[in-house]
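# Chains, contacts and geometry: an overview
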Amino acid sequence: MDIPYIVETRPDTGLANGKLGIWLFLASEVMLFGALFSTYIILRVGAPEWPHGELNVWLGAGNTVILISSSVTMVMAWASLKMKDWGKHRLYLMLTVGLALFFLVNKYFEYAEHVRMHELPSHSTFFAIYFTLTGLHGLHILGGVVVMLYFLGPGAKMWKANPDQFTNRIEYTGLYWHFVDLVWIFLFPVLYLL
Amino acid sequence: MSDSSDIKSHLGKYWMIGAALLVFTGITVAANQLHLVVPLAITVALVIAITKGSMVAAVFMHLSHEKKWIYGSLILTVVFFIVLMTIPFLTINDTIGTPIHVSAPEHTGH
């Protein structure tokens with residue numbers, strides 16, 4: 001039995017099921033990161049003093065540029081599919097994966113420097129919340145990379161069998177990816193600048 | 001937004017928004033170099049972050065023209081998110097367990 005409303009929209013919601021599903025998932029993600037941001041506020045307001053200049057602002061700003069660029073390439077990957085340009089879709093999706101990996105490599109060097117300086121989560125409240133927030137965000141990046149690699153590899157076969165469904169899947173992946181970018185847009189000033 | 005020609009008309013907007021986001025990132029870092037007082041620095045950084053976040057959500061995530069079911073689920077999320085962000089402020093007013101400071105009786109000298 002075929003699952004209904006994968007491509008065509010439901011008459012009651014006007015949406016394909018996957019679209020509503022990814023938005024409900026993102027809503028739960030807002031609450032997950034919201035809980036951690038809320039924790040950050042409690043810790044910061046309650047702390048007698050809060051460290052400044054512990055993180056490399058330029059590395060953080062560089063990673064912001066990388067993620068924003070990856071959001072642009074991601075939306076272009078989806079737009080290329082809508083215009084039936086398979087080659088450009090592949091190029092933009094590969095660029096997105098490349099930028100995501102670049103972000104993770106930068107993060108690795110940043111973490112390695114903190115470990116070298118013995119600035120582990122047990123070092124201070126600041127580093128505890130820093131590693132928790134950026135670690136969870138990094139895992140989301142990794143998850144996005146796995147999904148995109150799937151659509152560059154075995155998942156790409158769907159384009160020939162059902163191009164509309166494949167395009168929808170890339171749209172949902174893009175929505176997730178833009179959300180990950182959006183979280184970093186707030187993490188960067190909160191952790192690196194303030 | 002499903003028509004191919006419709007998408008083509010949006011391509012320029014995607015690049016423009018991407019460029020604007022990069023400019024705003026530059027402004028955030030530049031404002032940080034000015035070493036503003038903490039309340040002003042927090043305000044400036046958060047206003048820019050909210051502006052950038054709104055641009056990503058409105059254009060890249062197509063929230064500027066979505067169906068009402070998505071807006072409905074997001075309004076519910078925003079309400080709960082505001083409650084979540086209010087909790088820290090409730091803890092500031094929480095005085096349970098805080099010793100009450102009673103002024104010591106005046107020493108009469110006898």
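Residues numbered from 1 in each chain as written. Chains lettered and ligands numbered in written order. Predicted model: local features only at pLDDT ≥ 70, side-chain atom pairs only at ≥ 80, totals over all residues. Heavy atoms only, no water.

## A closer look at the pattern of salt bridges
- In total, this model carries five salt bridges over all chains according to the counting rule given.
- Among the ionic pairs, Asp12 of chain A bridges to Arg10 of chain A, the shortest N-O distance being 2.8 Å.
- A relative accessible area of 45% means that Asp12 of chain A is categorised as partly exposed.
- Among the ionic pairs, Lys19 of chain A bridges to Glu171 of chain A, the shortest N-O distance being 3.3 Å. Of this pair, Lys19 of chain A sits in helix α1 (residues 17–46) while Glu171 of chain A sits in helix α6 (residues 163–193), and the two are 152 residues apart along the sequence.
- Three or more residues are tied together by salt bridges with common partners; here these are Lys19 and Glu171 of chain A together with Glu66 of chain B. (Salt bridge = Lys/Arg side-chain N within 4 Å of Asp/Glu carboxyl O. Buried < 20%, exposed > 50% of the residue type's maximum accessible area, 1.4 Å probe, protein only. Helix = DSSP H or I, 4+ residues; strand = E, 2+ residues; numbered from the N terminus.)

## Describing helix α1 (residues 4–33) of chain B
- Over its 30 residues, α1 of chain B runs 44 Å from end to end, which matches the ideal 44 Å to within 8%, given 1.5 Å per residue.
- At His10 of chain B, α1 of chain B shows its maximal bend, which comes to roughly 30°.
- Along α1 of chain B, the positions that sit buried rather than exposed are Ile7, His10, Leu11, Tyr14, Ile17, Gly18, Leu21, Thr25, Thr28, Val29 and Ala31 of chain B.
- Looking at the buried side of α1 of chain B, the elements it contacts are α2 (57–82) and α6 of chain A together with α2 (38–60) of chain B.
- Positive backbone phi, approximately 50°, marks His35 of chain B, located one or two places after α1 of chain B. (Expected span 1.5 Å × (residues − 1). Bend = angle between axes of the 7 residues up to and from the residue. Contact = heavy atoms within 4.5 Å.)

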